[in-house]
Amino acid sequence: MTAEQHDTERAWVTAMSNVRVHDPAELRRVFGTFPTGVTAVAAFAGGAPLGLAASSFTSVSLDPPIVSVCIAQSSRTWPRLREIPRLGISVLGAHQEDASRRLAARGNDRFAALPWRVSAGGAVFVEGSSAWLECSVHQEVSVGDHTVVMLRVHELDADPAVAPLVFHGSRYRQLKP
């Protein structure tokens, strides 16, 4: 390592040590540098679709097939969803930014004007998405202000012609070919 590289590295480490880990705005800014897909988590309950948007979706295991989402513990929707035997995960497509905004909003009919379908098991899927997974709750782990929900995948499908919606830097983006 040259002296110049050493000085640059030392400056970076010094600057990094001044970052406030407990500042929520700074945490959002740094966490937001990691691009994520956007999903709808939904089911049929009480004669209507019920769901929310989640951008913290990831695959966990192939055998058994498990995925996870993180849900804010302040969610008023999750306590009702968790009781339903089958949940639908829709990986939203690049053209579904409005759907994501509706599903993330509080206090409105989140599925108004959204095309959706329900499976025989009660999972709700947003039509036009890039992928769909029918799941059941496998395990929940309370961590800080969120609950990490592991979901067992029972059925799945995808449309490779539909590019995914991406959330990065606190805004929606699309993948460029």
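Provided above is the structure to which this section pertains.
Note that this is a predicted model, so its numbers are computed, not measured.

A word on the environment of Pro49. The topology assignment puts Pro49 in strand 3 (residues 48-54). In sequence terms Pro49 and Val124 are 75 residues apart; their C-alpha atoms lie 6.6 Å from each other.

With that settled, consider the pairing of strand 2 (residues 39-45). Within strand 2, five of the seven residues are buried, leaving the element largely enclosed by the surrounding structure. Note that strand 2 and strand 3 share seven bridges and pair antiparallel. Looking at the pairing, Phe44 lines up with Pro49 of strand 3. Remark: two residues form the turn of the hairpin made by strand 2 and strand 3, two consecutive strands paired antiparallel; Gly46 in that turn has positive phi of roughly 60°. Taken together, the four bridges between strand 2 and strand 6 (residues 87-91) define a ladder with antiparallel strand orientation. Paired with Val41 across the strands is Ile89, a residue of strand 6.

Turning to the sheet that holds strand 1 (residues 36-37), a few remarks are in order. As summarised here, the arrangement of the three strands in space is 1-11-12, forming an open sheet in which the pairing is antiparallel. Only two strands of the sheet have a single partner each, and these edge strands are strand 1 and strand 12 (171-174).

Moving on to the nonpolar core. If you look at the biggest cluster of nonpolar residues, it comprises 20 residues, and the most contacted ones within it are Val41, Trp78, Leu81, Leu87 and Leu151. Broken down by secondary-structure element, the contributors of at least two residues to this core are strand 2, strand 3, strand 5 (65-72), helix 3 (78-81), strand 6, strand 9 (131-143) and strand 10 (146-158). Within the second largest apolar cluster, 12 residues are counted, among which are Val38, Ala40, Phe111 and Val124.

Below, the discussion takes up the environment of Ser119. With respect to the helices and strands, Ser119 occurs in the loop between strand 7 (116-118) and strand 8 (124-126). Between the C-alpha atoms of Ser119 and Gly88, which are 31 residues apart in sequence, the distance is 8.4 Å. The residues touching Ser119, leaving out its near neighbours within four places in the chain, are Phe125 and Glu134.

Counted by the stated rule, this structure contains five salt bridges. The partner of Glu134 in a salt bridge is Arg86, with the nearest N and O atoms 3.3 Å apart. A residue pair is termed long-range when its members are at least 10 positions apart, and Glu134 in strand 9 and Arg86 in the loop between helix 3 and strand 6 qualify at 48 residues.

Okay, unusual backbone geometry next. Backbone torsion omega between Asp63 and Pro64 reads 0°, so that peptide bond is classified as cis. Tracing the sequence through the fold places Pro64 in the loop between strand 4 (58-62) and strand 5. Residues other than glycine seldom take positive phi values, yet Ala113 does so here, at roughly 70°. Tracing the chain through its elements places Ala113 in the loop between helix 4 (97-104) and strand 7. Despite not being glycine, Ser170 has its phi angle at roughly 65°, a positive value. Positionally, Ser170 belongs in the loop between strand 11 (165-168) and strand 12. Residue classification places Ser170 among the exposed positions, given a relative accessible area of 56%.

The rules behind each value
Residues numbered from 1 in each chain as written. Predicted model: local features only at pLDDT ≥ 70, side-chain atom pairs only at ≥ 80, totals over all residues. Heavy atoms only, no water. Helix = DSSP H or I, 4+ residues; strand = E, 2+ residues; numbered from the N terminus. Buried < 20%, exposed > 50% of the residue type's maximum accessible area, 1.4 Å probe, protein only. Pairing = 2+ DSSP bridges. Core = buried A, V, L, I, M, F, W, Y, C linked by side-chain atoms within 4.5 Å. Contact = heavy atoms within 4.5 Å. Salt bridge = Lys/Arg side-chain N within 4 Å of Asp/Glu carboxyl O.

So, to be careful, I would describe these as geometric facts and stop short of saying anything about function.
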